[in-house]
Amino acid sequence: MVSSDPLLLCVLLTLPAALTHGGYMITTPRQWVSGTPAKLCVVVVDPAAPAGELMFAVTNYDWTQPDGDRNVTIIPNTTIDIPAGKTELCYEVAVPIRSSLFSGSLHVFGSVGGAKINRTVGLSLTTYRSNTYIQTDKYLYKPGQNVKFRLLSVTGVFLNVSTDPYPEVWVETPARTRIAQWKNVNNTAGLLHLDFDLADEPEKRGQLYSSPSTGLRRFLLKITLEKPMTSP
């Protein structure tokens, strides 16, 4: 898929040489995330540049495979048509889910801006990353008190704040008895605030769980209830 989005990506290949038919620049992130689209962008600066054709592929050398099967194709040869003249375009690359691979080689070849190109560069391949953080309003509670807490989930390599709803959040005792729960919790603000009341005679430890939406990992927070010190 080709788009004309602004080129706000880190430079991977930069070849602005004073070529006979003009210069060009190819950019893409150095790290591609498994299962998440990546962008490969092309800039041709010469208004008189002829039309071209850019091809790319991504491979990996897998030492765990038998001889003859170690060159693994992650993304097969793909062609991008480059129009004539001054051009800025981005191609959206569908990165497959390959949890066992951590690096690859990006092969770029063809004709861009009237010049031939044949380059290979390394790529870092990572899986979809997410983290959920939780913070309580204080670290020590007395029986019967109200516990306030907030949740924040971030996803992807740029740690974008997730606004996906939480299908379920619950609190349970060490005996696995649920003492509070919320379902289909709206998270449009990105920072979720919840609270619950402790029993007058709770067990010594409580556990807080969340079941985030697809792609986010479950997390666990233990709330320890200590006997408070009292003045004589």
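So, here is what we can say about the structure in this document. (Residues numbered from 1 in each chain as written. Predicted model: local features only at pLDDT ≥ 70, side-chain atom pairs only at ≥ 80, totals over all residues. Heavy atoms only, no water.)

1. Quick notes on the packing of aromatic side chains
Inference 1: Evaluation of the coordinates by the stated rule reveals three aromatic pairs.
Inference 2: Seen in terms of ring centroids, Phe149 and Trp182 are 5.8 Å apart; in terms of plane orientation they differ by 75°. Their pairing is edge-to-face. Here the residue Phe149 occupies a position in strand β12 (residues 146-155), and Trp182 occupies one in strand β15 (residues 178-185), the gap between them amounting to 33 residues. Trp182 carries the same exposure label as Phe149, and that label is buried. (Phe/Tyr/Trp six-rings, centres within 6.5 Å; stacked < 30°, edge-to-face > 60°. Helix = DSSP H or I, 4+ residues; strand = E, 2+ residues; numbered from the N terminus. Buried < 20%, exposed > 50% of the residue type's maximum accessible area, 1.4 Å probe, protein only.)

2. Here we look at the side chain of Ser162
Inference 1: Inspection of the secondary structure puts Ser162 in the loop between β13 (160-161) and β14 (166-172).
Inference 2: Here Ser162 falls in the buried class, since its relative accessible area comes to 5%.

3. Notes on the pattern of salt bridges
Inference 1: Overall, the coordinates contain two salt bridges when judged by the stated rule.
Inference 2: Glu168 is paired through a salt bridge with Arg178; the nearest N and O atoms lie 2.5 Å apart. Highlighted residues: Glu168 in strand β14 and Arg178 in strand β15, separated in sequence by 10 residues.
Inference 3: For Glu168, a relative accessible area of 17% corresponds to the buried category.
Inference 4: Exposure remark for Arg178: the relative accessible area of 38% places this residue in the partly exposed category.
Inference 5: A salt bridge links Glu172 to Arg176, with the nearest nitrogen and oxygen atoms 3.5 Å apart.
Inference 6: Under the relative-accessibility criterion, Glu172 is labelled buried at 4%.
Inference 7: On the basis of relative accessible area, Arg176 is assigned to the exposed category, the value being 58%. (Salt bridge = Lys/Arg side-chain N within 4 Å of Asp/Glu carboxyl O.)

4. Concerning the environment of Phe102
Inference 1: Mapping Phe102 onto the fold places it in the loop between β8 (87-93) and β9 (103-112).
Inference 2: A relative accessible area of 61% means that Phe102 is categorised as exposed.
Inference 3: Counting along the chain gives 25 residues from Phe102 to Thr127, while the straight-line C-alpha distance between them is 8.3 Å.
Inference 4: Residues contacting Phe102, with those up to four places away along its chain left out, are Ser124 and Leu125. (Contact = heavy atoms within 4.5 Å.)

5. Quick look at the sheet that holds strand β6 (residues 52-61)
Inference 1: Here five strands make up an open sheet; going across it, the order is β4-β10-β9-β6-β7 and the pairing mixed. In this open sheet, the two strands that pair with only one neighbour each are β4 (31-33) and β7 (71-82). Taking each pair of neighbouring strands and ignoring which way they run, the sheet shows an average axis angle of 25°.
Inference 2: Across seven bridges, β6 lies against β9 in antiparallel orientation. Bridging across to β9, Thr59 finds its partner in Ser105. (Pairing = 2+ DSSP bridges. Axes fitted to C-alpha atoms, helices over the stretch in contact; angles between N-to-C directions.)

6. A short note on the nonpolar core
Inference 1: Ranked by size, the top nonpolar core spans 27 residues in total, and within it Trp32, Leu40, Val42, Leu54, Phe56, Ile80 and Leu106 carry the most contacts.
Inference 2: Secondary-structure elements contributing two or more residues to this core are β3 (24-27), β5 (38-44), β6, β7, β8, β9 and β10 (115-126).
Inference 3: When residues in this core are grouped by element, the largest group, five residues, is from β10.
Inference 4: Listed in part, the 14 residues of the second largest apolar core include Val169, Trp182, Val185 and Leu194. (Core = buried A, V, L, I, M, F, W, Y, C linked by side-chain atoms within 4.5 Å.)

7. Focus on the pairing of β10
Inference 1: Where β4 lies against β10, three bridges are found, and the strand directions are parallel. The residue bridging Trp32 from the neighbouring strand is Leu125, located in β10.
Inference 2: Relative to β10, β9 runs antiparallel, the two sharing 10 bridges. When the sheet's bridge partners are listed, Gly104 is paired in β10 with Leu123.
Inference 3: Counting the residues in the hairpin turn of β9 and β10 gives two residues, including Gly113, whose phi is positive at 60°.

None of the figures reported here should be taken as evidence of function without further support.
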